[in-house]
Amino acid sequence: MVVLSAARWVRSRLSDRFWRVQEVLKYARHFRGRKNRCYKLAVRSVRRAFVKSTKARREKKRFLRALWITRIEAASLEHGLKYPAFISNLVKSQVELNRKVLADLAIYEPKTFKSLAALAQRRRQEGFLAALGDGKEPEGIFSRIVHHH
Amino acid sequence: RYVRQLQRLQLLFSPTAADARGARQFVEEAAQDFARRHPDVVLYVSPHSGPGPAPVLRAEYLNGTVRDELIASKTSEEIVQLATKLANQSGLDIIRIRKPFHTDNPSVQGQWHPLTNKPSILTVQGPRLQPQ
């Protein structure tokens, strides 16, 4: 007799359960404790790990910027300038270097950083003269602004 | 001048298996055009008779990486697309690149160390004075 549909009491059984479990466990191999071996605990841990890594991408930007600022502060203090003075005077001298580049220069190019600190210091002194001298002396050389049209 | 990183493509399939139908059609129709369009890639067709492993397209690159792609139950057009994708790749492993830049000489002026900005009396040793 021809059977067109399977009998109702025959169910299909999973044959690749091992690989489905390994797909999850492979992301848990470096965890501590039973969550790197047991599937039930690993599923929860892996999901939390992924969620944390997604959210941490926004925090990473804040963290790295704070790290750069710390390093620039340390380097500029070596040259006798505080961080706010350094950054504000660099901006006023139209040196548009971001904190990442300044931190890398402070580490790998110390002489360049020293000259940048000297530039900021000079601009600071010219700023003080302009504010306190009240127009009798000519305005400073490094206070001149270049206009790009 | 562009050097193609793909050295050879090996098509391993069985002439009788059902899931190798796309591979057989590819060999009959599109393999010659593919080989003509990519003259610097060597295409090997190795049918193994009888029941064997699943049909596979093996790509070997100039840096030694061997990449196997399953072509079971794929149409001839899909295999052509897969082969062109492998031909345009280099053999570097496909993982996340941590930084898009790399230098062997990161420092031109000398990397900072705690004694860079200190007075040189701390580091330099002058000539030893003779007792008179």
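Since we're looking at a predicted model, the values are computed, not measured.

The next point concerns the overall build of chain B. Summing up its helical and strand segments, chain B has 2 helices and 4 strands in all. Ordering the α and β elements of chain B from the N terminus gives β-α-β-β-β-α. The globule rule puts the C-alpha radius of gyration for 132 residues at 14 Å, and the 28 Å found for chain B is more than 25% above it. Along the first, second and third principal axes, the C-alpha set of chain B runs to 100 × 35 × 25 Å. The buried share of chain B, taken over its 132 residues, is 25%. Counted over contacts in chain B with a minimum sequence separation of 6, partners at least 24 positions apart contribute 70%. Carbon together with sulfur atoms contributes 54% to the accessible area of chain B, which is approximately 9900 Å² in total. Here chain B contributes 16 positive and 12 negative side-chain charges, whose respective centroids are spaced 13 Å apart.

Turning our attention to the interface of chain A and chain B. In this assembly, 9 residues from chain A lie in contact with 9 residues from chain B. Roughly 900 Å² is buried in total at the junction of chain A and chain B, and carbon and sulfur atoms are behind 47% of that figure. A per-residue breakdown of the area chain A buries against chain B is headed by E78, Y108 and P110 of chain A, which together make up 55% of the total. The interface formed by chain A and chain B contains 0 salt bridges. One can count 7 residue pairs in polar contact (both at pLDDT 80 or more) joining chain A with chain B. Mapped by element, the contributors of at least two residues to the side of chain A that touches chain B are α4 (99-108) and α5 (110-133) of chain A. For the side of chain A that touches chain B, the class distribution of residues is 4 nonpolar, 2 polar and 3 charged.

For the coordinates displayed, the defined rule picks out 7 salt bridges over all chains. R20 of chain A serves as the salt-bridge partner of D16 of chain A, at 3.4 Å between the closest nitrogen and oxygen. The exposure class of D16 of chain A is partly exposed, given its relative accessible area of 30%. One salt bridge connects R4 of chain B with D40 of chain B, and the closest N-O pair in it is separated by 3.4 Å. In this pair, R4 of chain B is assigned in the segment before β1 (6-13) and D40 of chain B in the loop between α1 (21-37) and β2 (42-47), connecting sequence segments 36 residues apart.

So, about the UniProt feature "domain: Ribosomal protein/NADH dehydrogenase" (unreviewed entry) in chain B. With numbering aligned to this structure, UniProt lists the feature "domain: Ribosomal protein/NADH dehydrogenase" (unreviewed entry) at residues 15-90 of chain B. Between the end C-alpha atoms of residues 15-90 of chain B there is a gap of 30 Å, over a span that is 39% helix and 22% strand.

The next subject is unusual backbone geometry. At Q94 of chain A, a residue that is not glycine, the phi angle is positive and equals roughly 60°. Examined against the element boundaries, Q94 of chain A turns out to sit in the loop between α3 (83-92) and α4. On the basis of relative accessibility, which here comes to 32%, the residue Q94 of chain A falls in the partly exposed class. Non-glycine residue S73 of chain B carries a positive phi angle of around 55°. Mapped onto the elements, S73 of chain B comes out in the loop between β4 (66-70) and α2 (76-88).

About the thresholds
- Note that residues are indexed from 1 along each chain, following the sequence as it is written.
- Going through the entries in the order they are written, you letter the chains from A and number the ligands from 1.
- In view of the model being predicted, local features appear only for residues whose pLDDT reaches at least 70, and side-chain atom pairs are presented and counted only at 80 or more, with totals across whole chains, interfaces and linings using the full set of residues.
- For side-chain calculations, the full set of non-hydrogen atoms in the structure is used, while hydrogens and water are omitted.
- We count a stretch as a helix when DSSP gives it H or I for four or more residues in a row; a strand needs E for two or more, and each element gets its number in order from the N terminus.
- Here the globule rule is a power law, 2.2 Å times the number of residues to the power 0.38, and the radius of gyration is based on C-alpha atoms.
- Relative accessibility thresholds used throughout: buried, under 20% of the residue-type maximum; exposed, over 50%; partly exposed, between the two (1.4 Å probe, protein chains only).
- We call two residues in contact whenever any of their non-hydrogen atoms come within 4.5 Å of each other.
- To measure how exposed things are, a 1.4 Å probe is used in the Shrake-Rupley method; for residues, cover is taken only from the protein chains shown.
- Charge assignment in this entry is limited to Lys and Arg as positive and Asp and Glu as negative, and neither His nor the chain termini are counted.
- The location of each charge is read from NZ of Lys, CZ of Arg, CG of Asp or CD of Glu.
- Defined here as a combined quantity, buried area equals the accessible surface (1.4 Å probe) lost by two parts on assembly, summed across both.
- Take a side-chain nitrogen of Lys or Arg and a carboxyl oxygen of Asp or Glu: if they are within 4 Å of each other, that pair is a salt bridge.
- In protein, a polar contact requires one atom able to donate a hydrogen and another able to accept it; more generally it is a pair of N or O atoms within 3.5 Å, and residues adjacent in sequence count only if both atoms are side-chain atoms.
- Each residue gets one label: Ala, Val, Leu, Ile, Met, Phe, Trp, Tyr, Cys and Pro are nonpolar, Asp, Glu, Lys and Arg are charged, and the others, such as Gly, are polar.
- UniProt positions are given in the numbering used here, feature names are shortened, and annotations may be inferred rather than shown by experiment.

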